[in-house]
Amino acid sequence: MKPSIIRLRALEKQLFAYRYALNTVDFDAETVAPEGSADGRAEACEVLSRASFELLVNADTAALLQQAAAEAETEQEQAEVRQLQRQYDEIAKIPAEEYAAFTKLCNQSIPVWVKAKRTNDFSLFAPYLEKIVAARRAQAHYFAPDRDPYEVWLDRYEKGLTIAQCDAFFATLRETIVPLLADIQARGKAVRTDFLDQVWPLDGQRAVSQKIMELWGLDPAHCYLAESEHPFTTEFWRGDVRITTHYMERDMFSNLYSVAHEGGHALYELNIDPAYDYTAVTGGATMGLHESQSRLFENLVGRSRAFVSFLYPTLREIFPDQLADVTAEEVWRAVNRAEPGLIRTEADELTYALHIMVRYELEKALMQGTLAVADLPAAWNAKYKEYLGVDVPDDAHGCLQDIHWAMGDLGYFPSYALGSAYGAQAVDDLRKTMDLDAQWAAGDLEPLKAALKARVWQWGCMKEPQWLVESLCGGKFDPHHFTEYLKKKYTELYEL
Ligand SMILES: [Zn+2]
């Protein structure tokens, strides 16, 4: 190994250590840290973030990256240089004072957004959002002066993604989902839901969580389940992934599918090639690929008829009274019911993509300057009416519901919907050679996991995202697999 690569590896390990420390702090903050702990944590985080920033962005690192690029011999060494160079460019291309001002703006904007949402007052948040949009446009210009600023950000979150692809993707979804939803509502055939809202003792719910962890094959020596307000996954390193859930006494299935979802994220991280440990090529490749795995385990497996039929006897054993007169078939229908609503995070599998489509169209318009921030609430409400047929009562349940824009993330939302579609195509392709339904009906996820590990998990960031998407899908990405899957599932479910 060339001396430049040895130095590069040392730098990667240092960066890993800071990331590890910051992840620990974040995980602690979301799970067990007491309410009054924020001030000291903010101080500590600032020191750690600055140290990590200075370690990466300086003249020595720039020179080292150049030398390492010339001397990298193996595919892995080349990928490490590529990944670190990207991280470096992401920061170094923006003038230092603008970068610092933007970080400060986001730090200020988040608590303002919290207050705006709580008091249902969009006018508090509007001036911050205006500045964020302007800053993101300016930053896009530094990365690629001749490119549409929104597309620059799409490409940063989901490498290779273009506006044309996104437009075509959402058009395909809209053509199928909007009329399908209208059909379901016109048909008026209700799915039985009366048993969902009752007391589900938390001891039983914890037993359900353990069962899902066990079925997913999440080894408690490497994956810990904690509780937090909103479920999430944090990877400390390949041998230590933490997931969280949120228990609600009157909603058993919310926890079940949170564990199923976060467990999918965890499987991805836990199955990356150990050769990449502590380097820049470990970790999931993109947010879209990550969501493809979590939503695959949550929806394609977890909400399938085959898997629900397998899980049902366990649920009956844990909750004999609650499920006394409920059949497996009724559980399957209930956990898949389609209901247009106001809140993205509560949306079902069918309507979820419509929530994302609203955000995609609006953030694109904001970034392209065709929509003013002041007009956002009205535009939001009009799109919810058009696509989901619902009236938005106030901005707290409308354009203020998500934290993403307050954090400066514009161009991030499409990944959620793309992930669902990647997963559907992957499962379609795997079905050509595997009897997945028979396996899931027997509670056997090992063949599926082995296939996903071979196609995606093991690679970390070694391969480019577009390569990984094709590897996962078994060919070029085509959203029709997702729309056909939805059509088939909901036609069957609602007997259309
Ligand atoms: Zn997720």
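Remember, predicted model here, so these are calculated numbers, not experimental data.

**Details of the sheet that holds strand E3 (residues 240-245)**
With mixed pairing, the three strands of this open sheet are ordered in space as E1-E3-E2. Unpaired on one side and paired on the other, strand E1 (223-227) and strand E2 (233-237) mark the two borders of the sheet. For this sheet the average axis-to-axis angle between neighbouring strands, irrespective of direction, equals 20 degrees. Of the strand pairs in this sheet, E2 and E3 are connected by four bridges, and their pairing is antiparallel. Looking at E3, one finds that threonine 234 is bridged to arginine 242. Sheet strands touched by helix H1 (residues 3-31): E1, E2 and E3. Its angle to E2, the strand with the most contacts, is close to 145 degrees. Contacts between helix H10 (residues 252-270) and the sheet are confined to E1, E2 and E3, with E3 contributing the most and set at about 165 degrees to the helix.

**Digging into the environment of glutamate 363**
The residue glutamate 363 is located in helix H14 (residues 352-368) in this model. Using a relative accessible area of 0% as the deciding quantity, one classes glutamate 363 as buried. One polar contact links glutamate 363 to tyrosine 150, side chain to side chain, over a distance of 2.5 Å.

**Observations concerning the domain arrangement of the protein chain**
Interfaces are frequently sized by the accessible area removed from exposure as the parts join. As assigned here, the protein chain comprises domain 1 (1-92) and domain 2 (148-216 + 245-496). Taken over C-alpha atoms, the centre of domain 1 sits 31 Å from the centre of domain 2. Between domain 1 and domain 2, the contact holds 15 residues from the first and twelve residues from the second. Counting the surface lost from both domain 1 and domain 2, the interface buries some 1,200 Å², and carbon and sulfur atoms represent 54% of this. When the area that domain 1 buries against domain 2 is broken down by residue, the three leading residues are Glu75, Gln76 and Arg86, summing to 36%. Applying the counting rule to domain 1 against domain 2 returns four salt bridges.

**Digging into the nonpolar core**
The biggest cluster of nonpolar side chains holds 139 residues, and the ones touching the most others in it are Trp216 and Phe253. Here this core gets eleven residues from one element, more than from any other, and that element is H14. Listed in part, the 15 residues of the second largest apolar core include Leu8, Leu65, Ala68 and Tyr88.

**Here's the deal with the pattern of salt bridges**
All chains considered together, the criterion is met by 36 salt bridges. For glutamate 298, the salt bridge goes to arginine 303, with nearest N and O atoms at 2.8 Å. Residues joined by salt bridges that share partners form a network here, namely Arg305, Glu329, Arg333, Glu492 and Glu495.

**Remarks on empty space enclosed by the protein**
Going through the model one piece at a time under the given rule, you end up with three cavities of 30 Å³ or more. Surrounding the largest cavity, Arg295, Asn299, Leu300, Glu349, Tyr352, Ala353, Ala417, Ser420, Phe482 and Tyr485 form its lining. Contributing elements (two or more residues each) for the lining of the largest cavity: helix H11 (287-301), H14, helix H16 (414-431) and helix H20 (480-493). Tallying contributions element by element places H11 first for the lining of the largest cavity, with three residues. For the lining of the largest cavity, the residue count by class is six nonpolar, two polar and two charged.

**Focus on the coordination of the zinc ion**
The coordination sphere of the zinc ion contains the protein donors His261 (NE2), His265 (NE2) and Glu291 (OE), at a distance range of 2.1 to 2.2 Å. Read from N- to C-terminus, the donor residues coordinating the zinc ion fall into the pattern H-x3-H-x25-E. Taken together, the residues span about one helical turn, with histidine 261 and histidine 265 both in helix H10 at a distance of four residues. Of the two residues examined, histidine 261 and histidine 265, each falls in the buried class.

**Comments concerning unusual backbone geometry**
The backbone of tyrosine 278 sits at a positive phi, close to 65 degrees, despite the residue not being glycine. Among the secondary structure elements, tyrosine 278 is positioned in the loop between H10 and H11. Residue classification places tyrosine 278 among the partly exposed positions, given a relative accessible area of 29%. Positive phi is not limited to glycine here, since glutamate 495 has a value of about 45 degrees. By the element assignment, glutamate 495 lies in the segment after H20.

The rules we used
All residue numbers refer to positions counted from 1 along the written sequence of the respective chain. Restriction of local features to residues with pLDDT of at least 70 applies here, the model being predicted, together with a cutoff of 80 or more for giving and counting side-chain atom pairs; totals for whole chains, interfaces and linings are based on all residues. Remark: hydrogens and water are excluded; side-chain values derive from all non-hydrogen atoms of the structure. Between any two strands, pairing holds if DSSP finds at least two bridges. Strands are runs of DSSP state E lasting at least two residues, helices are runs of H or I lasting at least four, and both sets are numbered from the N terminus onward. Angles here are taken between N-to-C directions and fall from 0 to 180 degrees, while the axes themselves are lines fitted to C-alpha atoms, restricted in helices to the stretch in contact. Note on definitions: a residue-residue contact is assigned when non-hydrogen atoms from the two residues lie within 4.5 Å. Exposure is judged per residue with a 1.4 Å probe applied to protein chains only, and the accessible area is read against the type maximum: over 50% gives exposed, under 20% gives buried, and values in between give partly exposed. Identification of polar contacts relies on pairs of N or O atoms within 3.5 Å, with a donor-acceptor requirement for protein atoms, meaning one able to donate a hydrogen and the other able to accept it, and with residues adjacent in sequence counted only if both atoms are side-chain atoms. Throughout, the edges of the domains are those of an automatic or database domain assignment. Two parts lose some accessible area (1.4 Å probe) when they are put together, and adding that loss for both gives the buried area. Any carboxyl oxygen of Asp or Glu that lies within 4 Å of a side-chain nitrogen of Lys or Arg is treated as forming a salt bridge with it. Throughout this description, the term nonpolar core refers to a set of buried Ala, Val, Leu, Ile, Met, Phe, Trp, Tyr and Cys residues connected via side-chain atoms within 4.5 Å. A pocket, in this scheme, is an open set of points on a 1 Å grid over the protein atoms alone with protein on both sides within 12 Å along at least 5 of 7 lines, while a cavity is a set where a 1.4 Å probe fits but cannot get out; residues line either one if an atom lies within 4 Å of a point. Grid points are joined across faces, edges and corners, and a volume is the space filled by probe spheres set on the points. Classification convention: Asp, Glu, Lys, Arg as charged; Ala, Val, Leu, Ile, Met, Phe, Trp, Tyr, Cys, Pro as nonpolar; all other residues, Gly among them, as polar. Metal sites are built from N, O and S donor atoms within 2.8 Å, or 3.2 Å for Na, K and Ca, and they leave out water, so they may look incomplete.

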